[in-house]
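Next come the chains, spelled out residue by residue.
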Amino acid sequence: MLYHIEILSFGDDLDAEILEAINILNAVQSDFEFALPPERLRSFGYNFVREEYVTTELWEQLEAYRKAARGPRPYLIAVVAQKLRSHRYKNLFGSRRAAGGFAAITLRDWHLYADFHRSFLCYYFIRYALSFVNPSIKAHVETLDCLFDFKGNKHDLEKSLSSGRICQQHTQELNGALNPETKKSVREMVSIMKAQHATSTQTLPAKTLKKATQIGIIAIRPDEFSAVLEHFPERRSAEGRNRFYEHARIPVRDGAEIGVAITKSFEQGQVAAQAAANDMIRELAPQWILLVGIAGGIPNAEYSLGDVVLSSRVHDFSVSAALEGGKLEHQQQGGPAHIEVEKLLAYLPAKEHLFKTWNSAQSLGMERPVETIPEEPDDRYYGDEKWKSSVHNSIEANFAGRAAHRPPRYVVSPVMTANTLVKDTELARQWGQSARHASAVEMELGGIYVAARHDGGGSTRVLAIRGLSDIVGYKRSPEWTAFACKSAASLAYALIAAGLIK
Ligand SMILES: [Zn+2]
């Protein structure tokens, strides 16, 4: 790292926006290191509130910060959200005093000229970093589609954000000051700035999305993955070390934006799911990981095929002992959900008005299939008589009479997980004895749970959102698989868009 550039918010806490842009630029090169102030001085400028900022005042503030922070701090940038002016010009996007190592940027009007605050900030961070490298660089008043156009005509900014061009004269001036490595770093920064533009279809490096990904979604099967993607039509592709992600930015109720990264496990089972979660946590560090897809249901009158289970606890039966005579004994692992997951799930009934359309046929993209009630005994049931009877009760309660046309519902309950596709009623009964309130059984949650505890340092919240495509003890019609994929994906999307998962 050759240039350490610190960026401070003045008049407000703008650190989230700054951090997003910083992370993008730092992820693609290592000659310029952009950073927020150390924790003890993070809020240094928050209370310096002005209706309009004059650059000389900001230079004084940055000077005071330099003194307070101590240590070598040659390059400082102030970011404000109000009007910015100098003694010569009013209404600037940004200004600099390169000799002092100072620059200032306002976020006030970016939306009039740029499509995203992050490309706007990336642009100015690069521009001022270069003017720190070569303080003699001056802007030119004429528009040459150059990074160093004065931007007196504010629409020149939009041009620069998508072209990233630097004119011949300025290229020469920079060449004198940059070594070959730094030159490459500048190229990388300009290229990733262009990639932020709304019209860009470039695949983004996953690590540039680290500060812009609050939620990760992992799907296992191709049909689960497609069902999730259908709900996030506007997205960008990102490439990580071992996998690709689809990244969407979802506007939520309070005007904020939530970044969602979606990936698919390479195959079924705990190990592949754990690897997907490990990669996601290291590359994108989401606060939440949602495991969205299908599961098998334990027969119950309260819920059935197509309904969605939200996991409040994990009962992991992956570890077993094979005993003489073919008997299997399982050691139960897993544990409770993260406290934030419990908090959300306990509160959901009070917030249903915020996501109530999740189960409409329109949101689901499909009508709930019709299930006929078998006459007893029926070859669609399997298991012993007691199990068959509870299957029958479940099917009747959820598909007879008016229930035949009810929309899917969600259930909050523990989930059983193992590396076994459970179609055996005896095994389900055995597990159920130590997981009495579990309503679903699936094959990946245990792995994701472990990844979150280890790689996520216990701070990653894990929630399985599982549509019931099967009931253990019942041979259902095949269309339930597609429907269960869609009901899980629709509920996941609705909870995110309602701003409930953050
Ligand atoms: Zn130029």
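Being a predicted model, the structure only gives us computed values, none of them experimental.

The rules behind these values
- Residues numbered from 1 in each chain as written.
- Predicted model: local features only at pLDDT ≥ 70, side-chain atom pairs only at ≥ 80, totals over all residues.
- Heavy atoms only, no water.
- Helix = DSSP H or I, 4+ residues; strand = E, 2+ residues; numbered from the N terminus.
- Buried < 20%, exposed > 50% of the residue type's maximum accessible area, 1.4 Å probe, protein only.
- Contact = heavy atoms within 4.5 Å.
- Areas by Shrake-Rupley, 256 points an atom, 1.4 Å probe, with all protein chains shown as cover.
- Lys, Arg positive; Asp, Glu negative; His and termini not counted.
- Charge placed at Lys NZ, Arg CZ, Asp CG, Glu CD.
- 1 Å grid on protein atoms, 1.4 Å probe; cavity = no way out; pocket = protein on both sides within 12 Å on 5 of 7 lines; lining within 4 Å.
- Points joined across faces, edges and corners; volume = space filled by probe spheres on them.
- Nonpolar A, V, L, I, M, F, W, Y, C, P; charged D, E, K, R; others polar.
- Donors = N, O, S within 2.8 Å, 3.2 Å for Na, K, Ca; no water.
- Tetrahedral: all angles 85-135°; square planar, octahedral: opposite > 155°, others 65-115°.
- Phe/Tyr/Trp six-rings, centres within 6.5 Å; stacked < 30°, edge-to-face > 60°.
- Domains from an automatic or database assignment.
- Buried area = accessible area lost by both parts, 1.4 Å probe.
- Salt bridge = Lys/Arg side-chain N within 4 Å of Asp/Glu carboxyl O.
- Polar contact = N/O pair within 3.5 Å; in protein donor to acceptor, adjacent residues only side chain to side chain.
- Pairing = 2+ DSSP bridges.

Enquirer: Explain the overall build of the chain here, please?
Expert: If you tally the helices and strands in the chain, you get 15 helices and 18 strands. A principal-axis box enclosing the C-alpha atoms of the chain has dimensions of 90 × 50 × 40 Å. Sorting the 502 residues of the chain into buried and exposed places 55% on the buried side. Intrachain contacts of the chain at a sequence separation of at least 6 include 75% that bridge at least 24 residues. In the structure as shown, the chain presents an accessible area of about 22100 Å², 50% of it carried by carbon and sulfur atoms. The positive charge centre, built from 59 side chains, and the negative charge centre, built from 59, are 7 Å apart in the chain.

Enquirer: Sorry, what's going on with empty space enclosed by the protein here?
Expert: Any empty space left between atoms is shown by rolling a water-sized probe over those atoms. In the structure shown here, the tally under the stated rule is one cavity of 30 Å³ or more. Put simply, the largest cavity is a space of about 40 Å³. Looking at the largest cavity, the residues that line it are Lys83, Leu84, Asn91, Leu92, Phe93, Thr106, Arg108, Asp109 and Lys154. Grouping the constituent residues of the lining of the largest cavity by class yields three nonpolar, two polar and four charged.

Enquirer: Teacher, can you tell me more about the coordination of the zinc ion here?
Expert: On the protein side, the zinc ion has His140 (NE2), Cys146 (SG), Cys167 (SG) and His170 (ND1) as donor atoms, found 2.1 to 2.3 Å from it. For the zinc ion, the four donor atoms in the first shell make angles of 101 to 116° at the metal, a pattern classed as tetrahedral. Sequence spacing of the donors to the zinc ion: H-x5-C-x20-C-x2-H. Taken as a pair, histidine 140 in the loop between helix H4 (117-133) and helix H5 (155-163) and cysteine 167 in the loop between H5 and helix H6 (168-177) lie far apart in primary sequence, 27 residues in all.

Enquirer: So what exactly am I meant to see when it comes to the packing of aromatic side chains here?
Expert: Two descriptors summarise a pair of aromatic rings, namely the distance from one centre to the other and the angle between the planes of the rings. Overall, the coordinates contain 21 aromatic pairs when judged by the stated rule. Between tyrosine 3 and tyrosine 75 the ring centres are 6.0 Å apart and the planes differ by 45°, which places this aromatic pair in the tilted class. In this pair, tyrosine 3 sits in strand E1 (residues 3-9) while tyrosine 75 sits in strand E4 (residues 75-80), placing the two residues 72 residues apart along the sequence. Exposure remark for tyrosine 3: the relative accessible area of 15% places this residue in the buried category. Residue classification places tyrosine 75 among the buried positions, given a relative accessible area of 18%. Between tyrosine 89 and phenylalanine 150 the ring centres are 5.0 Å apart and the planes differ by 50°, which places this aromatic pair in the tilted class.

Enquirer: Whenever I open this one, the domain arrangement of the chain confuses me. Can you help?
Expert: Where the parts come together, the accessible area they lose is often given as the size of the interface. Assigned domains of the chain: these are domain 1 (3-202) and domain 2 (206-497). On the side of domain 2, ten residues touch domain 1, which itself brings 14 residues to the contact. With both sides pooled, the region where domain 1 packs onto domain 2 buries about 870 Å², and carbon together with sulfur makes up 43% of that total. Looking only at domain 1, the three residues that lose the most surface to domain 2 are Glu20, Asn23 and Ala27, adding up to 47% of its buried area. Inspection of the region where domain 1 meets domain 2 yields two salt bridges. Here domain 1 is connected to domain 2 by seven residue pairs in polar contact (both at pLDDT 80 or more).

Enquirer: Just checking my understanding: could you explain the pattern of salt bridges for this structure?
Expert: When the charged atoms of two side chains lie near each other, side chains of opposite charge can form a pair. For the structure on display, the rule yields 26 salt bridges. Between glutamate 246 and arginine 235 there is a salt bridge; the shortest N-O distance is 2.6 Å. With glutamate 246 in strand E11 (residues 244-251) and arginine 235 in the loop between helix H8 (222-230) and strand E10 (236-239), the pair connects residues that are eleven residues apart, well separated along the chain. Between arginine 429 and glutamate 426 there is a salt bridge; the shortest N-O distance is 3.4 Å. Placement of the pair is arginine 429 and glutamate 426 together in helix H13 (residues 425-434), with a separation of three residues, close to one helical turn. Relative accessible area serves as the criterion here: at 22%, arginine 429 is assigned to the partly exposed category. Here the residues in one salt-bridge network are Glu20, Arg118, Arg249 and Glu257, joined through shared partners.

Enquirer: Explain the pairing of strand E14 (residues 308-323) here, please?
Expert: Consecutive side chains of a regular strand alternate in pointing toward one face of the sheet and then the other. Relative to strand E16 (residues 410-417), E14 is paired through seven bridges, and the arrangement is parallel. By the bridge assignment for E16, aspartate 316 is matched with threonine 417. Strand direction decides the pairing type here: E14 and strand E18 (residues 461-471), joined by three bridges, are antiparallel. Looking at E18, one finds that valine 309 is bridged to arginine 466. As paired elements, E14 and strand E15 (residues 327-336) share nine bridges and run antiparallel to each other. Its bridge partner lying in E15, valine 314 is registered against glycine 335.

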